[in-house]
Amino acid sequence: MKALVWHGKEDIRCDTVTDPEIQDPRDAIIKVTSCAICGSDLHLFHNFIPGMLPGDIMGHETMGEVVEVGSGVDGKLQKGDRIVVPFTIICGECDQCKRGNFSVCETTNRKRHLADKVFGHTTAGLFGYTHLTGGYPGGQAEYLRVPYADATHIKVPAGIPDEQLLFLSDIFPTGWQAAVQCDIEPTDTVAIWGCGPVGQMAIRSALLLGANQVIAIDCLPERLSMAEAGGATTINFETESVLERLQELTDGKGPEKCIDCVGMESHVMASLPDTLLDRAKQMVMAESDRPHVLREMIYVCRPGGIISVAGVYSGLSDMLPMGAFMNKGLTMRTGQTHVNRWTDDLLRRIEDGEIDPSFVITHTVPLEQGPEMYQVFRDKRDSCVKVVLKP
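Basis of the calculations
Residues numbered from 1 in each chain as written. Predicted model: local features only at pLDDT ≥ 70, side-chain atom pairs only at ≥ 80, totals over all residues. Heavy atoms only, no water. UniProt positions renumbered as here; feature names shortened; annotations may be inferred. Helix = DSSP H or I, 4+ residues; strand = E, 2+ residues; numbered from the N terminus. Rg over C-alpha atoms; globule rule 2.2 N^0.38 Å. Buried < 20%, exposed > 50% of the residue type's maximum accessible area, 1.4 Å probe, protein only. Contact = heavy atoms within 4.5 Å. Areas by Shrake-Rupley, 256 points an atom, 1.4 Å probe, with all protein chains shown as cover. Lys, Arg positive; Asp, Glu negative; His and termini not counted. Charge placed at Lys NZ, Arg CZ, Asp CG, Glu CD. Axes fitted to C-alpha atoms, helices over the stretch in contact; angles between N-to-C directions. Parallel < 35°, antiparallel > 145°, perpendicular 65-115°, else oblique. Left-handed = near helix turned anticlockwise from the far one by under 90°. Nonpolar A, V, L, I, M, F, W, Y, C, P; charged D, E, K, R; others polar. Salt bridge = Lys/Arg side-chain N within 4 Å of Asp/Glu carboxyl O. Pairing = 2+ DSSP bridges. Phe/Tyr/Trp six-rings, centres within 6.5 Å; stacked < 30°, edge-to-face > 60°. Lys NZ or Arg CZ within 6 Å of the ring centre and 35° of its normal. Expected span 1.5 Å × (residues − 1). Bend = angle between axes of the 7 residues up to and from the residue.

- An unreviewed UniProt entry lists the chain under the name Alcohol dehydrogenase, with Bradyrhizobium nanningense given as the organism.
- The record held by UniProt for the chain lists under Cofactor (unreviewed entry) the comment "Zn(2+)".
- Regarding the chain, the UniProt comment filed under Sequence similarities (unreviewed entry) reads as follows: "Belongs to the zinc-containing alcohol dehydrogenase family."

### Section: the overall build of the chain
Here is step 1 of the chain: Helix and strand counts for the chain stand at 13 helices and 18 strands.
Here is step 2 of the chain: Taking 2.2 N^0.38 as the reference for a compact globule, 391 residues should give roughly 21 Å; the C-alpha atoms of the chain span a radius of gyration of 20 Å, in line with that estimate.
Here is step 3 of the chain: Dimensions along the principal axes, computed over C-alpha positions, put the chain at roughly 60 × 50 × 45 Å.
Here is step 4 of the chain: Among the 391 residues that make up the chain, the fraction classed as buried is 58%.
Here is step 5 of the chain: Expressed as a percentage of contacts within the chain between residues at least 6 apart in sequence, the contacts between residues at least 24 apart total 71%.
Here is step 6 of the chain: Counting only carbon and sulfur atoms, one obtains 51% of the accessible surface of the chain, whose full area is about 15500 Å².
Here is step 7 of the chain: Across the chain, the mean location of the 36 positive side-chain charges is 3 Å away from that of the 53 negative side-chain charges.

### Section: the packing of helix 6 (residues 197–208) against helix 7 (residues 221–229)
Here is step 1 of the chain: Taken N-terminus to C-terminus, the directions of helix 6 and helix 7 make an angle of 15 degrees; their axes are 10 Å apart at the nearest point. In terms of orientation, helix 6 and helix 7 fall into the roughly parallel class. Along this stretch, helix 6 crosses helix 7, giving a crossing that reads as right-handed. Residues Gln 200, Ile 203 and Arg 204 of helix 6 lie in contact with helix 7, whose contacting residues are Arg 223, Met 226, Ala 227 and Ala 229.
Here is step 2 of the chain: Considered class by class, the residues forming the contact of helix 6 with helix 7 number four nonpolar, one polar and two charged.

### Looking at the pattern of salt bridges
Here is step 1 of the chain: Inspection of every chain in the model, using the stated rule, returns 28 salt bridges.
Here is step 2 of the chain: In this structure, Arg 348 and Asp 345 form a salt bridge, with 2.8 Å as the shortest nitrogen-oxygen distance. Placement of the pair is Arg 348 and Asp 345 together in helix 12 (residues 339–351), with a separation of three residues, close to one helical turn.
Here is step 3 of the chain: Judged by relative accessible area, which is 27%, Asp 345 ranks as partly exposed.
Here is step 4 of the chain: The residue Arg 349 makes a salt bridge to Asp 345 at a minimum N-O spacing of 3.2 Å. Of this pair, Arg 349 and Asp 345 both sit in helix 12, four residues apart, roughly one helical turn.
Here is step 5 of the chain: Residue class for Arg 349 comes out buried when judged on its relative accessible area of 13%.
Here is step 6 of the chain: Beyond isolated ion pairs, a larger network of salt bridges with shared partners links Asp 345, Arg 348, Arg 349, Asp 352 and Glu 354.

### Remarks on the packing of helix 8 (residues 242–249) against helix 10 (residues 292–300)
Here is step 1 of the chain: Orientation of helix 8 relative to helix 10, taken along the N-to-C sense of each, is 35 degrees, at an axis distance of 11 Å. The crossing of helix 8 and helix 10 is right-handed. Residues Val 242, Leu 243 and Leu 246 of helix 8 lie in contact with helix 10, whose contacting residues are Glu 296, Tyr 299 and Val 300.
Here is step 2 of the chain: For the contact of helix 8 with helix 10, the residue count by class is five nonpolar, no polar and one charged.

### Some details on the environment of Pro 221
Here is step 1 of the chain: Assignment of secondary structure puts Pro 221 in helix 7.
Here is step 2 of the chain: Residue Pro 221 is classed as exposed on the basis of its relative accessible area, which comes to 55%.

### Let's talk about the sheet that holds strand 1 (residues 2–8)
Here is step 1 of the chain: What the three strands build is an open sheet, ordered 2-1-4; its pairing is antiparallel. Looking at which strands have only one partner, the edges of the open sheet turn out to be strand 2 (11–16) and strand 4 (56–57).
Here is step 2 of the chain: For strand 1 and strand 2, the ladder comprises six bridges, and the chain directions are antiparallel. Note on strand 2: the bridge partner recorded for Trp 6 is Ile 12.
Here is step 3 of the chain: Of the strands in this sheet, strand 1 and strand 2 are in contact with helix 13 (residues 370–379), which crosses strand 2 at around 160 degrees.

### What to know about the UniProt feature "domain: Alcohol dehydrogenase-like C-terminal" (unreviewed entry) in the chain
Here is step 1 of the chain: Cross-referencing UniProt, the feature "domain: Alcohol dehydrogenase-like C-terminal" (unreviewed entry) maps to residues 197–269 in the present numbering.
Here is step 2 of the chain: Helix makes up 40% of residues 197–269 and strand makes up 19%, while its end C-alpha atoms are separated by 22 Å.

### Quick word on the packing of aromatic side chains
Here is step 1 of the chain: In the structure shown here, the tally under the stated rule is one aromatic pair.
Here is step 2 of the chain: Across the ring face of Tyr 136, the terminal group of Arg 110 is positioned such that the distance to the ring centre comes to 4.3 Å.
Here is step 3 of the chain: Geometry around Phe 377 places Lys 380 over its ring, the cationic atom sitting 5.4 Å from the centre.

### Description of helix 13
Here is step 1 of the chain: All buried positions along helix 13 are accounted for by Gly 370, Pro 371, Met 373, Tyr 374, Val 376 and Phe 377.
Here is step 2 of the chain: In the stretch just after helix 13, Lys 380 is the one whose phi turns positive, near 55 degrees.

### With respect to the UniProt feature "domain: Alcohol dehydrogenase-like N-terminal" (unreviewed entry) in the chain
Here is step 1 of the chain: Look at the UniProt record and you will see "domain: Alcohol dehydrogenase-like N-terminal" (unreviewed entry) annotated at residues 25–154.
Here is step 2 of the chain: A helix fraction of 15% and a strand fraction of 25% characterise residues 25–154, whose end C-alpha atoms lie 19 Å from each other.

### Some details on helix 12
Here is step 1 of the chain: Its 13 residues place the ends of helix 12 18 Å apart at the C-alpha level, agreeing with the 18 Å of an ideal helix rising 1.5 Å per residue.
Here is step 2 of the chain: Its maximal kink placed at Asp 345, helix 12 deviates by approximately 30 degrees.
Here is step 3 of the chain: If you check which residues of helix 12 are buried, you get Val 339, Asn 340, Trp 342, Thr 343, Leu 346, Leu 347, Arg 349 and Ile 350.
Here is step 4 of the chain: Looking at the buried positions of helix 12, the neighbouring elements they touch are strand 7 (88–89), strand 10 (154–155), helix 4 (162–165), helix 5 (171–180) and helix 6.
Here is step 5 of the chain: Gly 353 sits one or two positions beyond helix 12 and adopts a positive phi of about 80 degrees.

See the structure below:
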């Protein structure tokens, strides 16, 4: 089969690889009908997250048709079923899964000894996302083996296009969880840093959850216009002071809720000296992340407020203002997304017409063009916001 394969830093190729096979009774094989490039795939593309090996198949936003099932799936999936595959691999049986904390499933990371050393305790296995999370082949391919398939799936109905359903795999529930973690109240201002695909979903989720005002922060015109179309007030951090504009928009009080949809690769600008220092530290391996957004959120958030972190961080972040965080009485909530906790509700909202997640797609291309599109997406060329690949 054809698949997008990691060969090293900024080296993704469309290779011919061995077709997946049933390896465990709880496995299923799907024929992929649509997959996507996620912003967090760029962290792997840049080799900022450790644990990738040449030959690893990329991708964790995938859907398709079941073509084979193992004997242990127990009738929960059948050939011909149409499913979206959540990026988190879950057993459905451990204590964390029973609590709905699916992204920290205690069972599915088959290389948990690595995660135990790096994180202190293992997290769930993830598709196409380093050997720290199991080294599972990803879904930017013609076929995908789904481990623990009796639990790791979202059945979706016929008659709704892939483009409306695909993002149940990651970015829609990720944006939703980011907003839910804020405990949004009707009087709240929610400020969102980063208007990429997850940020766009967080904007719409915050409004669906009843926020009084949503403020979206980015520098790319196409992303800012998409945010405005979704109902947000926008700030272009290249031409405006984020601190001053947030003060103006909140009567000097600051936003009650702040959401980080940027993560470890904050934009580097000469006018933001801390970002230059972070980049220099990254280059000499003295720091893994560039946490400018976290610093800014802690500084501007209204005392007693909530900070929600959806952006991916990989390791060490320097100079976080813990004094301001503690003295202002802030709360921070983080985590990879507990996808299956949210998808029943989100699928219903799609079916009822409350939201059509396909608005975020700007490019749809054959799988073979994936390596080129990684570069287009990275460089934000051709107003690229979200890429869907068709095997």
